[in-house]
Amino acid sequence: ARTMAVATVNLRAVTSWVGIARLFAVLLSCIAFSLVASTGDFGDPYGTWCMFTWCFCFAVTLLVLVLELLELYPKLPLSWDDFTSAFSMLAALMVFTTSVIFPSIFISSPCSSSKCARQAVATTVSCLCFLAYALEVGLTRAKPGDISSFLSTVPGLLKVFEAYVACLIFSLLDTGLEAGLQWCMAVYSICFIVTLLIIIFTIGRCLTYIPCPLEKMLVGYNTLAVLMYITATVLWPLYSFRGSSRPNTCGRNCWWDKRLGVTFLTIFNLIAYLVDLVYSTRMVFIRAP
């Protein structure tokens with residue numbers, strides 16, 4: 001007798017609140033990059049980044065929907081819940097950054113042409129797309145007492161945030177840094193690599209090969225990262241702006257503005273690691289009854 005494979009369709013993948021949020025994210029990201037593509041004005045690095053963000057989020061979210069709709073994701077050699085949680089957080093951060101960068105670079109006042117109108121609509125749609133991903137993060141985030149994937153918890157989501165902020169810092173760094181700034185560069189690099197490895201090992205289900213418990217390892221790593229970022233928070237502005245003020249002829253790619261951006265991003269990551277340390281410490285030393 002001939003056997004026929006029957007494809008299983010899980011309609012909940014598109015009818016649940018999470019599925020609806022993903023459908024909106026797919027639609028809105030598609031509209032955003034289509035509108036910007038119709039203007040033909042996205043050739044510089046900032047425009048390329050914005051187009052990449054919308055296209056990347058559209059493609060991966062659509063892939064997630066298809067895999068869940070056809071129930072093919074259990075066959076993948078990864079932790080699906082960790083992957084979707086990490087991606088939704090990453091997509092929310094990327095789209096938020098794009099929604100800020102794109103109008104500040106490409107939209108000028110007064111906005112009267114049809115090209116400018118399309119860019120303004122694309123910005124609005126991008127903001128709505130960010131809200132869709134933020135809603136997905138909120139819906140999939142682990143509630144207190146739930147037994148769920150690590151990357152859907154607050155410490156897991158903070159790991160994605162920390163890695164993304166480090167990437168933004170790298171994009172603003174320039175060459176020829178002096179000794180004090182080279183130490184800051186080492187801090188950013190070491191913390192980024194370790195954080196990225198934690199995310200990859202979690203998604204790849206490799207944490208069981210670590211010889212020590214994850215919770216205790218996170219407490220030790222977050223303590224070290226906080227101490228390292230404290231030194232970077234002090235040394236970076238001290239060496240970057242010592243004896244210098246913002247040049248009067250500072251343009252779009254001004255080194256002073258970039259170093260100021262790195263200063264604020266360093267503070268943001270320090271706060272993230274501090275909150276991460278508090279949560280990871282509670283996971284080890286404060287147990288729910």
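Residues numbered from 1 in each chain as written. Predicted model: local features only at pLDDT ≥ 70, side-chain atom pairs only at ≥ 80, totals over all residues. Heavy atoms only, no water.

J.: Would you take a moment to explain the overall build of the chain for this structure?
T.: Summing up its helical and strand segments, the chain has nine helices and zero strands in all. Secondary structure of the chain in N-to-C order comes out as α-α-α-α-α-α-α-α-α. On the principal axes, the C-alpha backbone points of the chain span a range of 80 × 60 × 35 Å. Residues classed as buried in the chain amount to 41% of the 289 residues present. Considering only intrachain contacts with a sequence separation of at least 6, the fraction spanning at least 24 residues in the chain is 77%. With 18 positive and 14 negative side-chain charges, the chain shows a separation of 2 Å between the mean positions of the two kinds. (Helix = DSSP H or I, 4+ residues; strand = E, 2+ residues; numbered from the N terminus. Buried < 20%, exposed > 50% of the residue type's maximum accessible area, 1.4 Å probe, protein only. Contact = heavy atoms within 4.5 Å. Lys, Arg positive; Asp, Glu negative; His and termini not counted. Charge placed at Lys NZ, Arg CZ, Asp CG, Glu CD.)

J.: It is not clear to me how the packing of helix 2 (residues 17–39) against helix 5 (residues 114–140) should be interpreted in this structure. Could you clarify?
T.: Think of two packed helices as two axes; the pair is described by the angle between the axes and how far apart they sit. For the pair helix 2 and helix 5, interaxial distance at closest approach is 8 Å and the crossing angle is 160°. Comparing their axes, helix 5 and helix 2 come out roughly antiparallel. For the pair helix 2 and helix 5, the sense of crossing is left-handed. Here the contact of helix 2 with helix 5 is composed, by residue class, of 19 nonpolar, five polar and four charged. (Axes fitted to C-alpha atoms, helices over the stretch in contact; angles between N-to-C directions. Parallel < 35°, antiparallel > 145°, perpendicular 65-115°, else oblique. Left-handed = near helix turned anticlockwise from the far one by under 90°. Nonpolar A, V, L, I, M, F, W, Y, C, P; charged D, E, K, R; others polar.)

J.: Sorry, what's going on with the domain arrangement of the chain here?
T.: Many descriptions give the size of an interface as the accessible area lost when the pieces come together. Domain boundaries assigned for the chain yield domain 1 (1–147) and domain 2 (153–288). The distance between the C-alpha centroids of domain 1 and domain 2 comes to 26 Å. Residue-level contacts link 18 residues of domain 1 with twelve residues of domain 2. Buried surface at the junction of domain 1 and domain 2, both sides included, amounts to about 1,400 Å², of which 71% is carbon and sulfur. A per-residue breakdown of the area domain 1 buries against domain 2 is headed by M89, L93 and R141, which together make up 28% of the total. Our count for the contact surface shared by domain 1 and domain 2 stands at zero salt bridges. At the surface where domain 1 touches domain 2, the tally comes to three residue pairs in polar contact (both at pLDDT 80 or more). If one sorts the elements of the side of domain 1 that touches domain 2 by residue count, helix 4 (residues 80–106) sits on top with ten residues. (Domains from an automatic or database assignment. Buried area = accessible area lost by both parts, 1.4 Å probe. Salt bridge = Lys/Arg side-chain N within 4 Å of Asp/Glu carboxyl O. Polar contact = N/O pair within 3.5 Å; in protein donor to acceptor, adjacent residues only side chain to side chain.)

J.: Sorry, what's going on with the packing of aromatic side chains here?
T.: Geometrically, a pair of aromatic rings is defined through the distance of the ring centres and the angle of the planes. If you walk through the whole model with that rule in mind, you get 15 aromatic pairs. Centroid distance F96 to F130: 5.3 Å. Interplanar angle 50°. Geometry classified as tilted. You can see F96 sitting in helix 4 and its partner F130 sitting in helix 5, a full 34 residues away along the chain. The class for F130 is partly exposed, based on a relative accessible area of 24%. Through a chain of ring-to-ring contacts, three or more aromatic side chains come together here, namely W49, F52, F56, F87 and Y133. The lysine or arginine in question, R282, covers the ring of Y279, its NZ or CZ lying 5.8 Å from the ring centre. (Phe/Tyr/Trp six-rings, centres within 6.5 Å; stacked < 30°, edge-to-face > 60°. Lys NZ or Arg CZ within 6 Å of the ring centre and 35° of its normal.)

J.: What exactly am I supposed to notice about helix 3 (residues 45–69) here?
T.: Each full turn of the α-helix corresponds to 3.6 residues, which orients residues three or four apart in the same direction. Helix length check: helix 3 (25 residues) gives 36 Å between terminal C-alpha atoms against 36 Å at 1.5 Å per residue, within 8%. Restricting attention to buried positions, one finds in helix 3 the residues G47, C50, M51, T53, W54, C57, V60, T61, V64, L65, L67 and E68. Tucked inside the fold, the buried residues of helix 3 contact helix 1 (12–15), helix 2, helix 4 and helix 5. At the exit of helix 3 stands E71, carrying a positive phi of roughly 55°. (Expected span 1.5 Å × (residues − 1).)

J.: When you look at unusual backbone geometry in this model, what are you seeing that I'm missing?
T.: In this structure, E71 is a non-glycine residue whose phi angle is positive, near 55°. Within the secondary structure layout, E71 lies in the loop between helix 3 and helix 4. The partly exposed category is assigned to E71, whose relative accessible area is 36%.

J.: Got a minute to help me understand the environment of I107 in this structure?
T.: Within the fold, I107 resides in the loop between helix 4 and helix 5. Judged by relative accessible area, I107 falls into the partly exposed class, the value being 24%. Placed twelve residues apart in sequence, I107 and Q119 show a C-alpha to C-alpha distance of 6.9 Å. Beyond its immediate sequence surroundings of up to four residues, I107 is in contact with F102, C116, Q119, A120 and T123.

J.: Looking at this structure, how should I read the environment of G40?
T.: Note on placement: G40 falls in the loop between helix 2 and helix 3. The spacing of G40 and V234 is 194 residues in sequence and 43 Å in space, taken between C-alpha atoms.

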